[in-house]
There are 2 protein chains.
Amino acid sequence: MPGQGLDYSTLFNRDLPPPAAAWEGHPKYNFIGGHSDPDMVPMEGFVESAGRVFRGDPRNISMYNFDGGPQGITPLRQFVVDKLAQHRGINVTTDEVLITSGSGLAIELINEILLEEGDTAIVEAFSFSGALGNLRRRKVNIVGIDVDQDGMRMDHLATALEDLRNKGVRPKYIYTIPTLQNPTGTVMTMERRHQMLELSEEYGVPIFEDECYADLIFEGEYENAIRSLDDSNRVLHIGSFSKTLGPGTRLGYVVASWDVMSRLLSRKNDAGTGVMDQMIVGDYFNHHYEDHILEMRSSLKRKCDALSSALRESFGPSIEFEIPQGGMYLWVKLPNGVDSRQLAGPALKEEIAFNPGPDWSADPDAAANYIRLCFALPSEDEIWEGIGKLADVFRREGAVP
Amino acid sequence: MPGQGLDYSTLFNRDLPPPAAAWEGHPKYNFIGGHSDPDMVPMEGFVESAGRVFRGDPRNISMYNFDGGPQGITPLRQFVVDKLAQHRGINVTTDEVLITSGSGLAIELINEILLEEGDTAIVEAFSFSGALGNLRRRKVNIVGIDVDQDGMRMDHLATALEDLRNKGVRPKYIYTIPTLQNPTGTVMTMERRHQMLELSEEYGVPIFEDECYADLIFEGEYENAIRSLDDSNRVLHIGSFSKTLGPGTRLGYVVASWDVMSRLLSRKNDAGTGVMDQMIVGDYFNHHYEDHILEMRSSLKRKCDALSSALRESFGPSIEFEIPQGGMYLWVKLPNGVDSRQLAGPALKEEIAFNPGPDWSADPDAAANYIRLCFALPSEDEIWEGIGKLADVFRREGAVP
């Protein structure tokens, strides 16, 4: 490290988060984040697609937004259109699709055009840490609505909207992950999807529908997107490729009508989404999506079964969780009074990482005794070993009997 | 387009730029932006590199930040380290390198940690539109310092720093593109580089050195980076791969010591830079950088010669410009009193696009009679044809005799 000439502490913006800690590598038993299964990454498929797309028009690389303009390259947007029609009941054109660098940027852009400090946003009481963190950074008031096994509770949502109206507050949106909710894994019933739309109309509040995980249902039929029920501009719909291919591909999308799209584009200052990712993933999925997703689903189901069994065997009845219909996570309730934030450090010393619940909660303390476990990355053997060791740590720390 | 259910005009953040215009495709004679030469994109090299990297560890794709953590993948950071040592006189380790989604994100992150509304930043009077636009969005006071053929004028910089000190203002940084300045194409002399460092020390103001174009010198020796003259944390150094490979690859980098790096990382909320780009470009450049850059330089020089000759032939002595030592741009002065913003529309009707000067100027009106022409994208034939037509348009509009 070079010698320190300048004292930056007097130069930094005064409203910064704490400095990042030095990178220390990945733990052996890794149940955090949205890492996915390395065996499911179609590396040979990417070689094949790269061979095709890099023998195409070099202006894709040499120009900003060569094929399709600032909304993203046409083959990938066409794939999104086709997939949404076939799997989510959504009928749109490529004009209504914006490709972003992961769904994180989709959330950032939507927040950028809609939110100001002091605004109010409605979310599921347990929700995606990235979405909650973005709202907190913007000093937006977060109203959490309870989730049960049928998704966000519409009676609670109606009460919250009415209470806010009585206080003169019009929330900027209702953020929901209706299909394989993060972290609870629940799927909202069709009846509630219709009810949410009615409430959106009654109170003039858009629905911000995040379907990052909807492709990952384990088997059988599942409900169409809320966006499929409304062809006006009421539902802003986003999705991701990170969950179906791996987070190394930074690709997500927004579906929005032009009144919103033209604003998103005016705030998209990244000089375009990375084209290599778009070309390779677009080509790969235009050829192999259906096969890939079926394999992915059955692999995830096996790992979910392994994690559930390992938890049952190692923890017995001291913890509670529902087995989800898909996705990558179990949302596990520890005994009341336990603070999962205190357990992360001791677990990491044994090379085990998990997500403490509070980061996934509108009210952090309400999820103090929850943890989120991602089962996509570790092998079945690592799941069994890691959960066995985790139970030892939790017992040693007095968190479970 | 779907029917409009909600009126978003009452929901949008009140501080938004105008909505984007609908995308209308690229013009035939395209002298704008930082597009690069399609013939110089190593498409077969990318196929070869993709074949290698996609037969490597799939965890590069299935995990966030698998190889090397949040600062970017190790082979690409190692390439940056090697290139900086060999070509720019900079000796750092991979710990001091952060890979970003283009140098635009590098600028965004540095601004994010240093700037607040009302702060002051010093820039070259004519400078990169993206950097100026970012400062304007943040409502930062911009102080422009004149540039001559030897780069930013140090006598003017000294006066400006003293004036600001007398007003109790400590600027947050001095932003400079010392090597092949954008848009003027000038290269700052070594003497001025040393003087800038002395002024930085005297006034306690960091230097923000942007070397996006430094690889693109046409021939011969050129000055080392300012960062090479100081091993403290005084110089924040950034660079880009977009200019050497094409803007479709969204890759840039920051060189900074840990006190700054740890803050940049705490504000880097993009879940990692796209890994496919990093893998392919890292592999390609680790094998072929020297060859690629030599070819690129000689091609750019030919096109620069074509543009200079075409301008001389079509415009005669009514315009002024210096022939740069490298880069991709000519910065062309039209007769006094001409407003280049008024000429962009008529030119576009003839399928010709250029950048009006005001976007590249700390004081927009001071560059009203300038235009920036990028010569990297069009073929030599298109350069000759396009400039001939541009002269016709400018004459018809009364801008030149």
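Worth saying up front: this structure is predicted, and the values here are computed from it rather than measured. (Residues numbered from 1 in each chain as written. Chains lettered and ligands numbered in written order. Predicted model: local features only at pLDDT ≥ 70, side-chain atom pairs only at ≥ 80, totals over all residues. Heavy atoms only, no water.)

### A look at the overall build of chain A
- Helix and strand counts for chain A come out as twelve helices and 14 strands.
- Along the three orthogonal principal directions, the C-alpha set of chain A runs to about 60 × 60 × 55 Å.
- Looking at chain A as a whole, 62% of its 401 residues qualify as buried.
- Of the contacts formed within chain A by residues at least 6 apart in sequence, a portion of 74% connects residues at least 24 apart.
- When the accessible surface of chain A is summed, it comes to about 14,500 Å², and 46% of that surface belongs to carbon and sulfur atoms.
- If you average the places of the 38 positive and of the 60 negative side-chain charges in chain A, the two averages end up 4 Å apart. (Helix = DSSP H or I, 4+ residues; strand = E, 2+ residues; numbered from the N terminus. Buried < 20%, exposed > 50% of the residue type's maximum accessible area, 1.4 Å probe, protein only. Contact = heavy atoms within 4.5 Å. Areas by Shrake-Rupley, 256 points an atom, 1.4 Å probe, with all protein chains shown as cover. Lys, Arg positive; Asp, Glu negative; His and termini not counted. Charge placed at Lys NZ, Arg CZ, Asp CG, Glu CD.)

### Describing the sheet that holds strand E13 (residues 355-356) of chain B
All names here are of chain B.
- Read from one edge of the open sheet, three strands run E11-E14-E13, paired in antiparallel fashion. At either end of the open sheet lies a strand with only one pairing partner, and these are strand E11 (329-333) and E13.
- As paired strands, E11 and strand E14 (residues 370-374) are joined by five bridges and run antiparallel to one another. Bridge assignment links Val332 to a residue of E14, and that residue is Ile371. (Pairing = 2+ DSSP bridges.)

### Considerations on the relation of the copies chain A and chain B
- Between chain A and chain B, the superposition needs a rotation of 180° and an axial shift of 0.0 Å, giving an RMSD of 0.0 Å. As the rotation angle and translation indicate, the two copies are arranged about a two-fold axis.
- The fraction of interface residues of chain A whose copies in chain B are also interface residues reaches 100%, indicating that both copies meet through the same surface. (Least-squares fit on C-alpha atoms with pLDDT ≥ 70 in both.)

### A word on the sheet that holds strand E7 (residues 173-176) of chain A
Residue and element names in this part refer to chain A.
- Taken in spatial order, the seven strands make up an open sheet running E2-E10-E9-E8-E7-E3-E4, and their pairing is mixed. What marks the edges here is a single partner per strand, and that holds for strand E2 (97-100) and strand E4 (141-145). Between one strand and the next, the sheet's axes are offset by a mean angle of 20°, whatever the strand orientation.
- Here four bridges tie strand E9 (residues 235-240) to strand E10 (residues 252-255), and the two strands are oriented antiparallel to one another. Paired with Gly239 across the bridge in E10 is Tyr253. (Axes fitted to C-alpha atoms, helices over the stretch in contact; angles between N-to-C directions.)

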